[in-house]
Amino acid sequence: MPWKGEKDPYKIWLSEIILQQTRVEQGKAYYERFLREFPTLPHLARARDQKVFKLWEGLGYYSRCRNLLTTARLIEKEYQGLFPREYDQIRQLKGVGPYTAAAIASFAYNLPYAVVDGNVQRVLARYFGLDIPIDTTKGKKTFSDLAQELLPREVPALFNQAIMDFGAMICKPRQPLCASCIYKKTCRALAKDQVDRLPVKEKKIVVRDRWFTYVLKNVHNFAGPLFAVSLVIVIVTFVRDNLPRAEDITWLLKGGGLFGGEEVPSHRFNAGEKGWFW
């Protein structure tokens, strides 16, 4: 990956924000395009909103893009365009959580902060035989504290990258390479035949009722002179827990105004049910 081994805090930050809620394969292309357009933080801070959002199109979760602009402009103003060097300062930046802050602090400045992602949690859970759910508050703190305790303060960046790579290439989620693992003699999960069971997650899929609201509009004589058909234009908005979100309402109103829809029927869908609107 182009950001692996990167020391520039701007590039590390950019890659981490892009990769939030995005697959690596997709994020890579966006990362490279952003750097071609905005090679430094001041370039991004001074860019027009429209240009930045246009470049972001297709990634979704547009709050991330807004956070990029807000943070770039704050750093340009408050830190003279230089990325802050202290963990606490980095953590206060909009859109930056503990993981991203640790990644920037460690990889850019070699500060002693453990970078704990899913790979790291999996390695620690298996090696130490920990069955604490990784997706709970207690679990997140347990694995974060353990990673921080194990972190060598002399080479934190090297250690963080090494354990992440180990989890990605050796201690994989499926079909881990236990037979060739250098820790196979001391791995508790392997000794207890629990490799496939760890790490543990507590949260399960919750089945809920969902409501779909849609607007219908008939368009006649669409198919040409030989015959006429009616085209049903469907605007669907997904409403969680029967309460519309602000963006749903905006979308619905725009759709109704654009197509002249007069009815706003609703249909209740149960889990697994497919909805057909033609």
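Residues numbered from 1 in each chain as written. Predicted model: local features only at pLDDT ≥ 70, side-chain atom pairs only at ≥ 80, totals over all residues. Heavy atoms only, no water.

**Some thoughts on the overall build of the protein**
Within the protein one finds 12 helices and five strands. The buried share of the protein, reckoned over its 278 residues, is 37%. Within the protein, contacts between residues separated by at least 24 positions form 59% of all contacts whose residues are at least 6 apart in sequence. Accessible surface for the protein amounts to roughly 17600 Å². Of this, 55% is attributable to carbon and sulfur atoms. (Helix = DSSP H or I, 4+ residues; strand = E, 2+ residues; numbered from the N terminus. Buried < 20%, exposed > 50% of the residue type's maximum accessible area, 1.4 Å probe, protein only. Contact = heavy atoms within 4.5 Å. Areas by Shrake-Rupley, 256 points an atom, 1.4 Å probe, with all protein chains shown as cover.)

**Looking at the packing of aromatic side chains**
Taken as a whole, this structure holds nine aromatic pairs when the rule is applied. An angle of 85 degrees between the planes, with centres 5.9 Å apart, marks the rings of Phe34 and Trp56 as edge-to-face. Linking Phe34 in helix H2 (residues 24–37) with Trp56 in helix H4 (residues 49–56), this pair joins segments that are 22 residues apart in sequence. By relative accessible area, which is 0% here, Phe34 ends up buried. With relative accessibility at 0%, the residue Trp56 sits in the buried group. Taking the centre distance of 6.2 Å and the plane angle of 15 degrees together, the rings of Phe53 and Tyr62 count as stacked. The exposure class assigned to Phe53 is partly exposed, which follows from its relative accessible area of 23%. Residue classification places Tyr62 among the partly exposed positions, given a relative accessible area of 32%. Through successive ring pairs, a cluster of aromatic residues spans Tyr127, Phe128, Phe166 and Tyr183. (Phe/Tyr/Trp six-rings, centres within 6.5 Å; stacked < 30°, edge-to-face > 60°.)

**Focus: the nonpolar core**
Note on soluble globular proteins: their nonpolar side chains tend to be buried together. Formed by 55 residues in total, the largest nonpolar core has its most connected members in Trp13, Phe34 and Phe83. The element best represented in this core is helix H7 (residues 98–109), accounting for eight residues. Ignoring anything within four residues of it in the chain, the contact list for Phe83 reads Pro9, Tyr10, Trp13, Leu41, Ile75, Ile90, Leu93, Ile104 and Tyr109. Among the nonpolar cores identified, the runner-up in size contains five residues, and Cys187, Ala189, Val195 and Leu198 belong to it. (Core = buried A, V, L, I, M, F, W, Y, C linked by side-chain atoms within 4.5 Å.)

**Details of the pattern of salt bridges**
Oppositely charged side chains are able to pair whenever their charged atoms sit close together. A complete count under the given rule lists seven salt bridges for this structure. Residue Glu76 pairs with Arg46 through a salt bridge whose shortest N-O separation is 2.7 Å. Here Glu76, found in helix H5 (residues 63–78), pairs with Arg46, found in the loop between helix H3 (41–45) and H4; they are 30 residues apart in sequence, far enough to count as distant. (Salt bridge = Lys/Arg side-chain N within 4 Å of Asp/Glu carboxyl O.)

**Remarks on the confidence of the model for the protein**
Averaged over all residues, the pLDDT of the protein equals 81, while 72% of them reach at least 70. Below pLDDT 50 for its whole length, residues 247–252 participates in 10 contacts with residues either more than four positions away or in separate chains. Low pLDDT (under 50) marks residues 254–278, which in the prediction has 43 contacts with non-local residues, meaning those over four places away or in another chain. (pLDDT = per-residue confidence, 0-100.)

**As for the packing of helix H1 (residues 9–19) against H2**
Relative orientation of the contacting elements H1 and H2 amounts to 140 degrees, with a least axis distance of 9 Å. For the element pair H1 / H2, the angle class is oblique. Once H1 is placed against H2, the crossing between them reads as right-handed. Touching Tyr10, Lys11, Leu14, Ser15, Ile18 and Leu19 of H1 are Val24, Gly27, Tyr30, Tyr31, Phe34 and Leu35, all from H2. Within the contact of H1 with H2, the residues separate by chemical class into nine nonpolar, two polar and one charged. (Axes fitted to C-alpha atoms, helices over the stretch in contact; angles between N-to-C directions. Parallel < 35°, antiparallel > 145°, perpendicular 65-115°, else oblique. Left-handed = near helix turned anticlockwise from the far one by under 90°. Nonpolar A, V, L, I, M, F, W, Y, C, P; charged D, E, K, R; others polar.)

**Quick word on the state of the cysteines**
When the sulfur atoms of two cysteines share a covalent bond, that bond is a disulfide. Applying the stated rule across the entire model yields zero disulfides. Free of any disulfide, Cys187 has its nearest neighbouring cysteine sulfur in Cys178, separated by 6.5 Å. With relative accessibility at 12%, the residue Cys187 sits in the buried group. (Disulfide = S-S within 2.5 Å.)

**With respect to the environment of Tyr183**
Looking at the secondary structure, you find Tyr183 in the loop between helix H10 (156–169) and helix H11 (188–191). In this view, Tyr183 contacts Tyr127 and Phe166; residues no more than four positions away in its chain are not counted.

**A word on the environment of Leu177**
Tracing the backbone through its elements, the reader meets Leu177 in the loop between H10 and H11. For Leu177, a relative accessible area of 35% puts it in the partly exposed group. For Leu177, the contacting residues outside a window of four places in its chain are Met169, Ile170 and Lys172.

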